[in-house]
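Okay, here's what each chain looks like letter by letter:
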Amino acid sequence: MNLVHRYLSIALVWASASLAVAADANLAALQSLTNAIASGDSLSFATGPNQVQVQICLPNLVKVIVSKDGHKGTDTPSIWKKSWSGVHAAFDLQSDPLVVTTEKMVIKVSRATG
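Residues numbered from 1 in each chain as written. Predicted model: local features only at pLDDT ≥ 70, side-chain atom pairs only at ≥ 80, totals over all residues. Heavy atoms only, no water.

### Things to note about the confidence of the model for the protein chain
The predicted model of the protein chain has a mean per-residue pLDDT of 75, with 63% of residues at 70 or higher. When mean pLDDT is taken per element in the protein chain, strand S5 (residues 90-92) scores highest with 95 and helix H1 (residues 3-26) scores lowest with 45. Confidence drops under a pLDDT of 50 for residues 1-28, and excluding neighbours within four residues, the segment shows 21 contacts in the predicted structure. (pLDDT = per-residue confidence, 0-100. Helix = DSSP H or I, 4+ residues; strand = E, 2+ residues; numbered from the N terminus. Contact = heavy atoms within 4.5 Å.)

### Things to note about the sheet that holds strand S4 (residues 61-67)
Strand order in the open sheet formed by four strands is S1-S2-S3-S4, and the pairing between neighbours is antiparallel. Each end of this open sheet is capped by a strand with a single partner; those strands are strand S1 (33-39) and S4. Neighbour-to-neighbour, the strand axes of the sheet open up by a mean angle of 15°, direction not taken into account. (Pairing = 2+ DSSP bridges. Axes fitted to C-alpha atoms, helices over the stretch in contact; angles between N-to-C directions.)

### Things to note about the sheet that holds strand S6 (residues 98-101)
With respect to topology, three strands assemble into an open sheet ordered S5-S6-S7, the strand pairing being antiparallel. Each of the sheet's edge strands pairs with one partner strand only, and the pair in question is S5 and strand S7 (106-109). The sheet shows a mean angle of 15° between the axes of neighbouring strands, direction not considered.

### Observations regarding the pairing of S1
Side-chain positions along a regular strand alternate between the two faces of the sheet. Across five bridges, S1 lies against strand S2 (residues 42-47) in antiparallel orientation. Considered in S2, the bridge of Ser39 is made with Ser42. Count of turn residues in the S1/S2 antiparallel hairpin: two residues, of which Gly40 carries a positive phi of about 60°.

### Structural notes on the environment of Val66
Here Val66 is to be found in strand S4. Classification of Val66 by relative accessible area gives buried; the value is 10%. Spatially, the C-alpha atoms of Val66 and Val52 are 4.6 Å apart, while their sequence positions differ by 14 residues. (Buried < 20%, exposed > 50% of the residue type's maximum accessible area, 1.4 Å probe, protein only.)

### Some remarks on the environment of Ser110
Relative to the helices and strands, Ser110 is located in the segment after S7. Residue classification places Ser110 among the partly exposed positions, given a relative accessible area of 27%. Spatially, the C-alpha atoms of Ser110 and Asp96 are 6.2 Å apart, while their sequence positions differ by 14 residues. Those residues within four positions of Ser110 in sequence are excluded, and the remaining contacts are Leu33, Asp96 and Pro97. At 3.2 Å, the side chain of Ser110 forms a polar contact with the backbone nitrogen of Ala112. (Polar contact = N/O pair within 3.5 Å; in protein donor to acceptor, adjacent residues only side chain to side chain.)

Set out below in structure tokens:
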């Protein structure tokens, strides 16, 4: 991996994380996580009336989509592709927190607060 590609990847991960935090800040009050489902390289769950989808795009890049009160959030401007494949993320939906693992990152989502 060349240096430019590495810094671009880091910038995209930072932007994705920042947008995910901003999306969480827009939810009035996070409630307990329910209905966790893993499908392909995506994790979907509900927190109260809100739906959250965490798509694993690359081993070091995620896309978070929040549907607040049933209304789909806008696409992440820094992630332009609509479909990704071949990441082979591992999901542990029985644990608390839920755990998503790729070869380059681990994501933990608390059942208590989503």
